[in-house]
Amino acid sequence: MLCIAVIRNASGVIAAARRFPMGPDQAPGEKAFAPLLRESLATMGFADANADIWPVLRSSDLDLNVLSVPKLSGGKLDAAVYWTLQKEKKFVEAEYILDYLVLGPAAESKDPKLDVLTCLARRADVERLRGSFRDAGCPPAGITAIPNAFLGLYRRRGAPAGYTLAANIHVEPDFSAIGLYTKDRLLFSRFIRSGAGSMAEALAEYFQEQAKPRPAALDDMELPLPGARTPAQEAAQEQPVLPLDAEQAQALLRHVLLGAPKPDFATQAHLLSPAQMIDIIAPAIERLARQVERTLDYYAGSQQLRCDALHLSGEIFASPAIAQALAGQLGFPAVVFDAVHIVDDGAELVAPEERMAMAPAMAAALSQPGKGINLVANYKGRTAEEAKRTVTHFLLLGLATLMVLIGCAGILMEHATAAKRKELAEIKSRLASMGPTLDERTLLNSVELFKARQSALREASDRLLAPAALAEIANRAPDSVRILNFTAEYPAPEPAKPGQPQQPGQPKPPQAQQPGQAPGSTGSIVLEGMVTGDRADFDAALSRFILALQASPMFTMPLVNESGLKDLDAGGQVLHFTMRLGVK
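Counting of residues starts from 1 at the beginning of each chain's written sequence and follows it residue by residue. Local features are withheld for residues below a pLDDT of 70 in this predicted model, meaning they are given only at 70 or higher, and side-chain atom pairs are given and counted only at 80 or more; totals for whole chains, interfaces and linings count all residues. Side-chain numbers here rest on the full set of heavy atoms in the structure, without hydrogens or water.

Concerning the nonpolar core
Residues enter a nonpolar core if they are buried and are Ala, Val, Leu, Ile, Met, Phe, Trp, Tyr or Cys, with the set joined through side-chain atoms within 4.5 Å. Working definition: with a 1.4 Å probe on protein chains only, accessible area under 20% of the residue-type maximum means buried, over 50% means exposed, and in between means partly exposed. Residues Leu-37, Leu-62, Leu-153, Met-358, Met-362 and Leu-375 are the most contacted members of the largest nonpolar core, which totals 68 residues. Any pair of residues with heavy atoms lying within 4.5 Å of one another is described as a contacting pair. The contacts of Met-358, once residues within four sequence positions are left out, are Cys-3, Ile-4, Ala-5, Ala-17, Arg-18, Val-340 and Val-350. Formed by 46 residues, the second largest nonpolar core is a distinct cluster that contains Ala-167, Met-199, Ile-281 and Phe-332.

Here is the structure:
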């Protein structure tokens, strides 16, 4: 049978759950599996759904163990788990796939250790199952095992409660899985090759025995009554019992004990009562019970801890009679582990006769990548992803630290900018109190006005130069000095801008600086005069005149260019001189 369950992991609600008949040629690894899977998903309405596919590896060759390893992390924990299991199992890595699940800190351990659940599966089995789903266009997100998948059901709110250690007996047609669970851990697991198929085989052997010909009854030992049938006649009139093969026996068992439809081959002789059927398969139930009992005794002897609850899972335990028979053999009350009841939401979508068969599919549908045993993406891939996430985490942490530093620097800069803005506002306030702000045009106008005033002052100075200089010279001249001629030379005007015409009325600038004119002076005066009086006083009078001019705040650098005696027409002599002096 192909069991498919669809559960919405976000809400944990059953979206769909169906069981489809699957022939031997449609098993995973066969060519007919892919069409069967696609057709089944299409029937459920999930053919094109973007969902995580989690097959369950149904094999008795799986090996699940709980190990205690040092409390490490990352690649060191991977190595510790690998070498611890390698020491115990001595497996060939090329032939097996290993994955593990950290259960938590180990109890009653002096050193810090971790309990890990390991799963060792044949690589060929995993690749065959993975390839079958991939060929059907449904590559699996993970492949898990039944005991590990059931751990997710035990952690749900609707799981059985009121126990310390529960033994879950899950019976499949060709094997059985035994798992010992606490509320949140799988402590022990073992697979045995006895399953529901052994019960069908016991039923088939019974009907094969019934179908054998019996020896004829001896009817000559006593006289029959008149009209009565002889034993030979009764035997001749009994309906013959047809032998059954294993598949037919299993179908008959499901009809009688599980309420499945009546098989077409079944005759009246095959239709036993449930009590008769339990009596026939009782040896197979007892064999299964003895193997389970040995497993529980082994764990109790090695760990000093016994189970106090028995949970029965699998299609055959839809029959209360089988559940009571197996639980009675083990000395426990029968508690049915109904996965549909545990998931609860959407349970009405599951047909009653299919509920107990859906446990592995329900458990697998609740699996999530990165959590639990995953034989497709095992611990090596998860460690690599964890390393990438760690590097990314540190990069993001560094980026966040950098952003915080940038933010702090921005806050400091904002404070500094605010202080500068405040200072600028204070300066503007002071400037506003000092008067209107001068712009460029106002400054240019002020400069032009200043230049105009300077030009007017210069023109006035030029106009008053000659009268002022003549009056100062007259005041400084001794009585014996007479001024015969007075010439004022104005300073050269500022060079005109290119293309600007010379203003009218301005004297033409001299080509070169004249002697006696100091650099930066406002002009020069040329005097022609004479000294009268006693000839012996000529030089002294001229010297006093020069000294008086030097002491004047108006003149600078008086220089006598030429001097000499001259005769007058009326008789007598005078000292004639020519003098140049600069005007400050």
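Focus: the pairing of strand S2 (residues 13–20)
When you tally the buried positions in S2, you get 6 out of 8 residues, the bulk of the element. Being paired, for any two strands, means DSSP has found at least two bridges between them. Secondary structure follows DSSP: runs of H or I at least 4 residues long count as helices, runs of E at least 2 residues long count as strands, and numbering of each begins at the N terminus. Where strand S1 (residues 2–8) lies against S2, 7 bridges are found, and the strand directions are antiparallel. The residue of S2 that forms the bridge with Ile-4 is Arg-18.

Topic: the packing of aromatic side chains
Only the six-membered ring of Trp is used, alongside the rings of Phe and Tyr, when aromatic pairs are assigned; centres must lie within 6.5 Å, and planes under 30 degrees apart are stacked while those over 60 apart are edge-to-face, with the rest tilted. Summed over the entire model, instances satisfying the criterion amount to 14 aromatic pairs. Ring centres of Phe-175 and Phe-191 lie 5.9 Å apart, and the angle between their planes is 50 degrees; on these two criteria the pair is classed as tilted. Of this pair, Phe-175 sits in the loop between strand S6 (166–171) and strand S7 (176–181) while Phe-191 sits in strand S8 (residues 186–192); the two residues are 16 residues apart in sequence, bridging distant segments of the chain. For Phe-175, a relative accessible area of 2% corresponds to the buried category. On the basis of relative accessibility, which here comes to 13%, the residue Phe-191 falls in the buried class. An aromatic cluster is present here, built from Phe-150, Tyr-154, Tyr-163, Tyr-181 and Phe-337 joined pairwise through their rings.

Focus: the packing of helix H5 (residues 196–211) against helix H7 (residues 246–258)
Helix axes use the C-alpha atoms of the stretch in contact, all axes being lines fitted to C-alpha atoms, and the angles between their N-to-C directions lie in the range 0 to 180 degrees. Between H5 and H7, the least distance of the axes is 8 Å, while the angle of their chain directions is 105 degrees. It follows that H5 is roughly perpendicular to H7 by the angle criterion. Two secondary-structure elements touch here, H5 through Met-199, Ala-200, Leu-203, Ala-204 and Phe-207 and H7 through Ala-246, Ala-249, Gln-250, Leu-252 and Leu-253. Class assignment for the residues of the contact of H5 with H7 results in 9 nonpolar, 1 polar and no charged. Orientation labels follow simple angle bins: below 35 degrees gives roughly parallel, above 145 gives roughly antiparallel, 65 to 115 gives roughly perpendicular, and whatever is left gives oblique. Each residue is assigned to one class: nonpolar for Ala, Val, Leu, Ile, Met, Phe, Trp, Tyr, Cys and Pro, charged for Asp, Glu, Lys and Arg, and polar for all the others, Gly among them.

Notes on the side chain of Asp-99
Among the structural elements, Asp-99 can be located in strand S4 (residues 96–105). Here a polar contact means two N or O atoms within 3.5 Å. Within protein one must be a hydrogen donor candidate and the other an acceptor candidate, and residues neighboring in sequence count only if both atoms are side-chain atoms. Engagement of the side chain of Asp-99 in a polar contact is seen with the backbone nitrogen of Tyr-379, the distance being 3.0 Å. Asp-99 has contacts with Leu-117, Thr-118, Cys-119, Gly-372, Ile-373, Asn-374, Leu-375, Asn-378, Tyr-379 and Arg-382, leaving out every residue within four places of it along the chain.

Concerning the sheet that holds strand S14 (residues 573–583)
If you trace the 4 strands from one edge of the open sheet to the other, you get S11-S12-S14-S13, paired in antiparallel fashion. Single-partner strands in this sheet number two, and they are strand S11 (481–489) and strand S13 (555–567). The sheet shows a mean angle of 15 degrees between the axes of neighbouring strands, direction not considered. Note that strand S12 (residues 523–531) and S14 share 9 bridges and pair antiparallel. Note on S14: the bridge partner recorded for Ser-524 is Gly-582. Here helix H13 (residues 440–476) sits on the sheet in contact with S11, S12, S13 and S14, set at roughly 155 degrees to S11. Contacts between helix H14 (residues 538–551) and the sheet are confined to S11, S12, S13 and S14, with S14 contributing the most and set at about 15 degrees to the helix.

A closer look at unusual backbone geometry
One non-glycine residue with positive phi stands out, namely Lys-90, at about 50 degrees. Not every positive phi belongs to a glycine, and Met-557 is a case in point at roughly 55 degrees. Among the secondary structure elements, Met-557 is positioned in strand S13.

A few points about the confidence of the model for the protein chain
As a general rule, the predicted coordinates of low-pLDDT regions are not to be interpreted in detail. Each residue carries a pLDDT score, the predictor's confidence in it, ranging from 0 to 100. Looking at the protein chain, the pLDDT average stands at 82 and 89% of residues meet or exceed 70. Low confidence marks residues 503–508, where pLDDT is under 50. Its contacts with residues over four positions away, or in another chain, come to 7 contacts.

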